[in-house]
Amino acid sequence: MSVQIFVRGKLLGIADFLVTPESGGDQAFIGRSAWIGLLTEVLPRALLAELGLARVLLGSSGGDQFLIVLPAELRDTAQQFLEAAASGITELSGGDVRLIWSITENLGDWSDIRRRLNDEIALKEGTPVSGAPFFSQPVGHAADDSYFTGLAEGIRTATAIGWNPETPAQVIAGEGKQTWPIDGGVESIFYARHHAPEREKRPVWGVLRGDIDNFLIRIRRVSTIEEYLQLSITYKQFFAGELTIRCSMPAFWQKVSIIYSGSGDFAVYGDWDALLPLAREIQRVFHRFAEENLKDLPGPEGKTITMAVALAQDAEATIASLYEEAGANLALAKSSDKDCIFALGRILEWKQLADAEVLKDDLTAMIRRYGASPEYIHELCGLYRETASTRTPSKRRGVDRPWRYYRRLGRMLPSPRSREGQKIRNDIVAGFVGRNPANAKLRPSGRVALEWARLATDTTGFHQESEPAETTSE
């Protein structure tokens, strides 16, 4: 039996490539995202197909990398294939995206094999010209956004993904020399896609991004190749399947569109009032998924998910700019905590987001059912601005008198005559400061609820951030 080799490929430069579409606008961004998401699915399958090898040799694929197994005698042929693909990728992306790879023999434990693969990848990441022809010239043109715009249009209705050896870097929304169905069986490519119907006038909108906490740590802890592949595929199929299902639900299908789903992360864009409920729904099903499928794995790594939302500030906002902003918000949330969400200027635990939604419903009920003016929401926002101003040592009087919040809220909130209205009013007070006057403290979830309610009752403008982000400490 001949020696086998592992081939690991990885794409670099994705972040810069996605946020700099030259001329195609939002459609080019969607096409670029689809290209990146499908490229690491198509390339390993195309290599196996061109070599006449079975699909069973495909290890993992999708996201920004892939892993396959080949007979050692095909090493040079695989090297030539990858070199041609890498050249085409650099050309098509205007020099932003690079394909690098590592190859090692299937000798030793999986931990040793993985280390050798990772060491070679790390070397090429740190030395961009390694492995490149000595006289290679930098790409002197921008990425071909006409191709990406066309891919964005075609992928919405395509039933198959194709590939041709003449253009090894291109993913075809349709038939090619090598063709694979989308979501149609064992041989298919799992690809999450859902596009909300176009509308002439959109309300405030934004981008939601999510990322599994300590995903790479969880992947690195597996001790065998079988465990590695099973875990990678399980995560990928969860996002590809559940994201498509959730976005197709009645509450979301007309409001939310998928940007991409990877092995450990995802991104969507759509109407602001659908993004936070969708975030809660995805977190709920991921929590259930982790309990059922990861219960035998020690430690919390890979079992929680953190998300972030970025909303459009003006009519000039693009999907690319909000995607980048949501990424910055996500990094801020993950550096402060885990298993949380950055929403409307605050970092909240998931339970706090649920509390904020309940409080938002109470606030909007005071306006729509009991005749309160929408201005009272803006007045309540003043409590948080006042709290921010008392953080300096010279202005601590407000902190020393926590019961003052009850008096302030009592003056600012309407007083409905009905018993139900009074109950809602009391619930609002408790939602902001709790039910104990001696230990009253403004909650970050209350600030999110105010912004949420303001957006729900204000149809005149875009979301405006009025306060810096805060953590979940109360």
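**Focus: the overall build of the chain**
At step 1: The number of helices and strands found in the chain is 15 helices and 12 strands.
At step 2: Out of the 474 residues in the chain, the part that is buried amounts to 50%.
At step 3: Across the chain, every contact between residues at least 6 apart in sequence was considered, and the portion connecting residues at least 24 apart equals 68%.
At step 4: By element, 52% of the accessible surface of the chain is carried by carbon and sulfur atoms, the whole surface being about 21,800 Å².

**Digging into the packing of aromatic side chains**
Where two aromatic rings form a pair, the distance of their centres and the angle of their planes describe that pair.
At step 1: All chains considered together, the criterion is met by 17 aromatic pairs.
At step 2: Of the aromatic side chains, those joined through ring pairs into one cluster are Phe215, Tyr235, Phe238, Phe239, Phe266, Phe286 and Phe289.
At step 3: Positioned over the ring face of Trp101 is Lys124, at 4.9 Å from the centre of the ring.
At step 4: Above the face of the Tyr323 ring, Arg209 is positioned so that its terminal group lies 3.9 Å from the ring centre.

**Overview of unusual backbone geometry**
At step 1: For Asn214, which is not glycine, the phi torsion reads 55° and is therefore positive.
At step 2: Secondary-structure assignment places Asn214 in the loop between strand E7 (205-212) and helix H6 (215-220).
At step 3: Look at Leu344: it is not a glycine, yet its phi comes out positive at around 50°.

**Observations regarding the packing of helix H10 (residues 350-368) against helix H15 (residues 444-457)**
At step 1: It is at 8 Å that the axes of H10 and H15 come closest, and there the two elements cross at 45°. Between H10 and H15, the crossing angle belongs to the class labelled oblique. Our pair here, H10 against H15, has a crossing hand that is right-handed. For the pair H10 and H15, contact is made by Gln352, Leu353, Asp355, Ala356, Glu357, Leu359, Lys360, Leu363, Thr364, Ile367 and Arg368 and by Ser445, Gly446, Val448, Ala449, Leu450, Trp452, Ala453, Ala456 and Thr457, respectively.
At step 2: Residue composition of the contact of H10 with H15, by class: 11 nonpolar, 5 polar and 4 charged.

**Concerning the environment of Ala173**
At step 1: In this structure, Ala173 sits in the loop between strand E5 (160-163) and strand E6 (178-181).
At step 2: The class for Ala173 is partly exposed, based on a relative accessible area of 30%.
At step 3: Residues in contact with Ala173, not counting those within four places in the same chain, are Leu151, Gly154, Ile155, Ala158, Ala160 and Ile161.

**Details of H15**
At step 1: For H15, spanning 14 residues, the distance from its first C-alpha to its last is 20 Å, which sits close to the expected 20 Å at 1.5 Å a residue.
At step 2: Within H15, 12 of the 14 residues are buried, which leaves the element mostly enclosed by the surrounding structure.

**Some words on the pattern of salt bridges**
At step 1: Taken as a whole and judged by the stated rule, the model has 22 salt bridges.
At step 2: Notably, a salt bridge pairs Arg447 with Glu451, separated by 3.0 Å at the nearest N-O pair. Linking Arg447 with Glu451, this pair stays in helix H15, spanning 4 residues, or about one helical turn. Glu451 carries the same exposure label as Arg447, and that label is buried.

**Quick notes on the sheet that holds strand E12 (residues 346-349)**
At step 1: Strand order in the open sheet made by the 6 strands is E8-E9-E7-E10-E11-E12, with mixed pairing throughout. For this open sheet the edge positions go to strand E8 (256-261) and E12, each flanked by a neighbour on one side alone. Neighbour to neighbour, the strand axes of the sheet diverge by 15° on average, direction disregarded.
At step 2: Of the strand pairs in this sheet, strand E11 (residues 340-343) and E12 are connected by 4 bridges, and their pairing is antiparallel. Looking across to E12, one finds that Ala343 is bridged to Arg346.

**Focus on the sheet that holds strand E3 (residues 65-71)**
Within a sheet, adjacent strands bond to each other through the backbone by hydrogen bonds, running parallel or antiparallel.
At step 1: With respect to topology, 4 strands assemble into an open sheet ordered E2-E3-E1-E4, the strand pairing being antiparallel. Each having just a single partner strand, strand E2 (58-60) and strand E4 (98-105) make up the two edges of the open sheet. Sheet twist, expressed as the average angle between the axes of neighbouring strands with direction ignored, equals 25°.
At step 2: Examined bridge by bridge, strand E1 (residues 4-12) and E4 share 8 bridges and lie antiparallel to one another.

**Focus: the environment of Ala453**
At step 1: Within the secondary structure, Ala453 sits in helix H15.
At step 2: The buried category is assigned to Ala453, whose relative accessible area is 0%.
At step 3: Sequence separation between Ala453 and Leu359 is 94 residues; the distance between their C-alpha atoms is 8.6 Å.
At step 4: If we ignore the near neighbours within four places in the chain, the residues touching Ala453 are Lys360, Leu363, Thr364 and Ile377.

**Things to note about the side chain of Ser232**
At step 1: One can find Ser232 in helix H7 (residues 225-247).
At step 2: Side-chain polar atoms of Ser232 contact the backbone oxygen of Tyr228, separated by 2.9 Å.
At step 3: Those residues in contact with Ser232 that sit more than four places away from it in its chain are Ser60 and Ile219.

**Considering the packing of H7 against helix H8 (residues 272-293)**
How two helices sit against one another is set out by the angle between their axes and by the gap between those axes.
At step 1: Where H7 contacts H8, the axes come no closer than 11 Å and their chain directions differ by 140°. In this view, H7 runs oblique relative to H8, as classed from their interaxial angle. Once H7 is placed against H8, the crossing between them reads as right-handed. Counting all contacts with H7, which are made through Thr234, Tyr235, Phe238, Glu242, Leu243, Arg246 and Cys247, the residues of H8 involved are Leu278, Glu281, Ile282, Arg284, Val285, Phe286 and Phe289.
At step 2: A per-class count over the contact of H7 with H8 returns 9 nonpolar, 1 polar and 4 charged.

**Structural notes on the environment of Gln4**
At step 1: Topologically, Gln4 is positioned in strand E1.
At step 2: Exposure remark for Gln4: the relative accessible area of 26% places this residue in the partly exposed category.
At step 3: Between the C-alpha atoms of Gln4 and Arg75, which are 71 residues apart in sequence, the distance is 9.5 Å.
At step 4: Setting aside its immediate chain neighbours within four residues, Gln4 contacts Val69, Leu70, Ala72, Thr104, Glu105 and Asn106.

**Brief notes about the side chain of Glu41**
At step 1: Looking at the element boundaries, Glu41 is found in helix H2 (residues 25-50).
At step 2: Overall, the relative accessible area of 2% leaves Glu41 in the buried class.
At step 3: Within the structure, the side chain of Glu41 is placed 3.3 Å from the side chain of Lys236, a separation counted as a polar contact.
At step 4: The residues contacting Glu41, other than those within four sequence positions of it, are Ser61, Gly62, Ile189, Phe190 and Lys236.

What counts and how
Residues numbered from 1 in each chain as written. Predicted model: local features only at pLDDT ≥ 70, side-chain atom pairs only at ≥ 80, totals over all residues. Heavy atoms only, no water. Helix = DSSP H or I, 4+ residues; strand = E, 2+ residues; numbered from the N terminus. Buried < 20%, exposed > 50% of the residue type's maximum accessible area, 1.4 Å probe, protein only. Contact = heavy atoms within 4.5 Å. Areas by Shrake-Rupley, 256 points an atom, 1.4 Å probe, with all protein chains shown as cover. Phe/Tyr/Trp six-rings, centres within 6.5 Å; stacked < 30°, edge-to-face > 60°. Lys NZ or Arg CZ within 6 Å of the ring centre and 35° of its normal. Axes fitted to C-alpha atoms, helices over the stretch in contact; angles between N-to-C directions. Parallel < 35°, antiparallel > 145°, perpendicular 65-115°, else oblique. Left-handed = near helix turned anticlockwise from the far one by under 90°. Nonpolar A, V, L, I, M, F, W, Y, C, P; charged D, E, K, R; others polar. Expected span 1.5 Å × (residues − 1). Salt bridge = Lys/Arg side-chain N within 4 Å of Asp/Glu carboxyl O. Pairing = 2+ DSSP bridges. Polar contact = N/O pair within 3.5 Å; in protein donor to acceptor, adjacent residues only side chain to side chain.

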